Structure formats: structure tokens, C-alpha cells
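Now for the letters of each chain:
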Amino acid sequence: MAVGAGVLGISPMIALEAEAKPINLNMKRLKNNIKHSACRWCYQNIPLEEFAKNAAEIGLKGIDLLTPEEWDTVEKYGLECSMATDSFANIENGFNEVKNHKHLQESYRPLIEKASKHGIKNVIVFSGNRRGMDDETGFKNCVNGLKPLLEYAQERNVNLVMELLNSKVDHHDYMCDHTEWGVELAKRTEMPNFKLLYDVYHMQIMEGDVIATIKKHHDYINHYHTGGVPGRNEINDSQELYYPAIVKAIIETGFDGYLAQEFIPTYDDKLEALKEGITICDV
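Nothing here was measured: the structure is a model prediction, and the numbers come from that model.

A. Fine view of the UniProt feature "domain: Xylose isomerase-like TIM barrel" (unreviewed entry) in the protein. Mapped onto this numbering, the UniProt entry gives "domain: Xylose isomerase-like TIM barrel" (unreviewed entry) at residues 72-264. Annotated as 40% helix and 15% strand, the span residues 72-264 places its first and last C-alpha atoms 25 Å apart.

Next comes the structure, spelled out in C-alpha cells:
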């Protein structure tokens, strides 16, 4: 959680100027070729009410990784919870271990029900850590644990979305750490409402080849996260990824879901960092 002005991105010096001269960005000026979102946890120092108000003014359509008690606050400002979660969701202890199934199924059902009533389409899930487990056992256990919930969620028009995370830097031993692994699991569930959250930051670290992978596997992906590599900070030209080309490739697949900013802002003005990220991705 998993977590530039113009086409060319901006340098650190220009970024400092952006802090001194706020970007006047609003929804009317966005191209809206993709639905913009941001992950709440990256802006925890800003009260949710204030963050939601500013997010709407910037032009965001949703906010990621909100718990049920937060949904009403963002909905007041015309925003959606673009990816739902709750306190029980755990990256390390997921569906790949049978011992977790009962607890997870009992916990996810109420969350799915609440999401459905709010019109929220996506609920995040995690594979869990390997702990020495082989792939085949992991696939089997995840399918068995997820299948009853996927059927329950399908009746309520909700997707269960497993995030692809890196196991090299941030989430050591996480099982669903490659796109091909997630795609194979999706095929084995045989459920159309099981999808993948492709986190560009995480997958650049694990496998690279971002644009080709998106084009190849876009049918299994219904959500994207951003982040600068290395460091998971701003997505301008201080890092190695060129997000305008990545977002253009996403749009060209016919994608109609959310792209959520999940970088950790380093600017004093966190909202200016978010505006910059939105500008870079508004292609």
C-alpha cells in the first residue's frame, strides 16, 4: 500500500519554484483521459476533510485506501473511494495461507457489503508472504480462500483487487511480487471480478519492462499506482521512470479505471507535490 509541469517533467530547481509559485490547476483544465486519484496514507498529516476538499479542487475523482468510516467525508466533495480497505487487511498475512482464510473471509464480507452499498467497485486484497511456500501451493491456497469471497462480491458488483508489490526493497518475502504470478492467479480463479493492482513503482523494481507488461496484461489490471524509482518520491525527472509515456500506454489499452498517485511527497507543500504528479500524468 501497498503507497511535472508539462510533458518533460521538472527538475529539482523548477520544483522549488513550483513551491514558491503554486500551480493553478483545476478540474476544468485537466484532459480527463484517465481518472486521477491519490493514496490517502501519503497525506496523513493533512486532515481528511481538508485533503478531500483540495483533492476535488485539483481535479481528482477519487481517493485510494480509505476505510469505511472515511467514505462519507470524501463523498461530500464528489469523490469516490477508488480502492477500499479496512484495518484487518494485512500484506504479510494473506490468502496464501489456509490458516488465514476463516478470519479473512469473515472480515471481508462486511467490507464488501458496505462497499457495494456505497457504490464502491474495488476492495484491495493481498497474497501474503511466502514463508518458504512454493508457487503451486500459493496458487491453490489463494484460489480456495478467495473463491467464496469472489462469488459473494460478484453478486454485489464489487471487484477484489490484489496488489503487486516488490519483495526486493519494501515487502520482503511477499508472494505476489511479479505480474506473471498475479496473472496466473487471476486465470486460476476463473472469476471476472478478480483483478490486479499494477503498482508501477513496485514492478519497476521487480521486473521493469513496464509499458510492454501493461500492454500484454492489461485485461487483468483494473487499477494503477505511481511512485518515483528509486525512493518512492515525486515522479518528476529526479527519478528514472517517464510517466507521461507510461500513462499514455495505459490509456491506449482502453483503460477506464483509476490511476492513483502513491509517492511520498518531499516538498514542504505536499499538495503542490500532488498537483505536480497529476500534471505529469494528465496526458
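B. The arrangement of unusual backbone geometry in detail. Here the amide bond leading from Val 229 into Pro 230 is cis, since omega sits at -5 degrees, within 30 degrees of zero. Inspection of the secondary structure puts Pro 230 in the loop between strand S7 (221-225) and helix H9 (243-252). Positive phi, close to 60 degrees, is recorded for Asn 157, a residue that is not glycine. Considering the arrangement of structural elements, one finds Asn 157 in the loop between helix H5 (135-154) and strand S5 (159-163). With a phi close to 55 degrees, Glu 190 is a non-glycine residue in the positive phi region. Within the secondary structure, Glu 190 sits in the loop between helix H6 (179-189) and strand S6 (194-199). On the accessibility criterion, Glu 190 (64% relative accessible area) is exposed.

C. Looking closely at the pairing of strand S4 (residues 122-125). Neither face of S4 is exposed, since Asn 122 and Ile 124 on one face and Val 123 and Val 125 on the opposite face are all buried. Taken together, S4, H5 and S5 form a β-α-β motif whose crossover is right-handed.

D. Up close: the side chain of Asn 166. Relative to the helices and strands, Asn 166 resides in the loop between S5 and H6. Asn 166 sits in the buried class, given a relative accessible area of 0%. Among the polar contacts made by the side chain of Asn 166, one reaches the side chain of Asp 170 at a distance of 2.7 Å. In contact with Asn 166, other than residues within four places in its own chain, are His 171, Tyr 201, His 202, Met 203, Ile 205 and Met 206.

E. Inspection of the packing of aromatic side chains at higher detail. Counted by the stated rule, this structure contains six aromatic pairs. Ring plane angle 35 degrees and centroid distance 5.8 Å describe the contact between Phe 95 and Tyr 108, whose orientation is recorded as tilted. Highlighted residues: Phe 95 in the loop between strand S3 (80-84) and helix H4 (101-117) and Tyr 108 in helix H4, separated in sequence by 13 residues. Of the two residues, Phe 95 and Tyr 108, both sit in the buried class. Counting every residue linked through ring pairs, the aromatic cluster contains Phe 88, Phe 95 and Tyr 108. Its end group placed over the ring of Tyr 152, Arg 109 keeps NZ or CZ at 5.9 Å from the ring centre. Over the aromatic face of Tyr 152 sits the side chain of Arg 156, whose NZ or CZ is 3.6 Å from the ring centroid.

F. The arrangement of the packing of helix H8 (residues 210-217) against H9 in detail. Two elements in contact, H8 and H9, have axes whose closest approach is 10 Å; the angle formed by their N-to-C orientations is 10 degrees. Overall, the two elements H8 and H9 adopt an arrangement that is roughly parallel. Along its contact with H8, which presents Val 210, Ile 211, Ile 214 and Lys 215, the element H9 presents Ala 245, Ile 246, Ala 249 and Ile 250. Among the residues forming the contact of H8 with H9, the class breakdown is seven nonpolar, no polar and one charged.

G. Spatial organisation of the pattern of salt bridges. Applying the stated criterion across every chain, the model contains 13 salt bridges. Across the pair Lys 53 and Glu 57 runs a salt bridge, and its minimum N-O distance is 2.8 Å. In this pair, Lys 53 and Glu 57 are both assigned in helix H2 (residues 48-58), four residues apart and thus about one turn of the helix distant. Between Glu 184 and Arg 188 there is a salt bridge, with its nearest N and O atoms 2.8 Å apart. Note that Glu 184 and Arg 188 are positioned in helix H6 at a spacing of four residues, about one turn of the helix. With a relative accessible area of 28%, Glu 184 lands in the partly exposed category. One network of salt bridges, in which partners are shared, links Glu 113, Glu 155 and Arg 156.

H. Local environment of the packing of H5 against H6. At a minimum axis distance of 9 Å, the contact between H5 and H6 shows a crossing angle of 50 degrees. As the angle between them shows, H5 and H6 are arranged oblique. The interaxial crossing formed by H5 with H6 has right-handed handedness. Contacts between H5 and H6 pair Asp 135, Glu 136, Gly 138, Phe 139, Cys 142, Val 143, Leu 146, Lys 147 and Leu 150 from the former with Trp 181, Glu 184, Leu 185, Arg 188 and Thr 189 from the latter. Partitioning the contact of H5 with H6 into residue classes produces seven nonpolar, two polar and five charged.

I. Inspection of the side chain of Asn 222 at higher detail. Within the element layout of this structure, Asn 222 appears in strand S7. On the accessibility criterion, Asn 222 (14% relative accessible area) is buried. Polar contacts involving the side chain of Asn 222 include one to the side chain of Asn 122, which spans 2.9 Å. Discounting chain neighbours no more than four positions away, the residues touching Asn 222 are Asn 122, Asn 159, Val 161, Lys 195, Leu 196, Phe 255, Gly 257 and Tyr 258.

Calculation rules
- Residues numbered from 1 in each chain as written.
- Predicted model: local features only at pLDDT ≥ 70, side-chain atom pairs only at ≥ 80, totals over all residues.
- Heavy atoms only, no water.
- UniProt positions renumbered as here; feature names shortened; annotations may be inferred.
- Helix = DSSP H or I, 4+ residues; strand = E, 2+ residues; numbered from the N terminus.
- Buried < 20%, exposed > 50% of the residue type's maximum accessible area, 1.4 Å probe, protein only.
- Right-handed = clockwise from strand over helix to strand, strands pointing away.
- Polar contact = N/O pair within 3.5 Å; in protein donor to acceptor, adjacent residues only side chain to side chain.
- Contact = heavy atoms within 4.5 Å.
- Phe/Tyr/Trp six-rings, centres within 6.5 Å; stacked < 30°, edge-to-face > 60°.
- Lys NZ or Arg CZ within 6 Å of the ring centre and 35° of its normal.
- Axes fitted to C-alpha atoms, helices over the stretch in contact; angles between N-to-C directions.
- Parallel < 35°, antiparallel > 145°, perpendicular 65-115°, else oblique.
- Nonpolar A, V, L, I, M, F, W, Y, C, P; charged D, E, K, R; others polar.
- Salt bridge = Lys/Arg side-chain N within 4 Å of Asp/Glu carboxyl O.
- Left-handed = near helix turned anticlockwise from the far one by under 90°.

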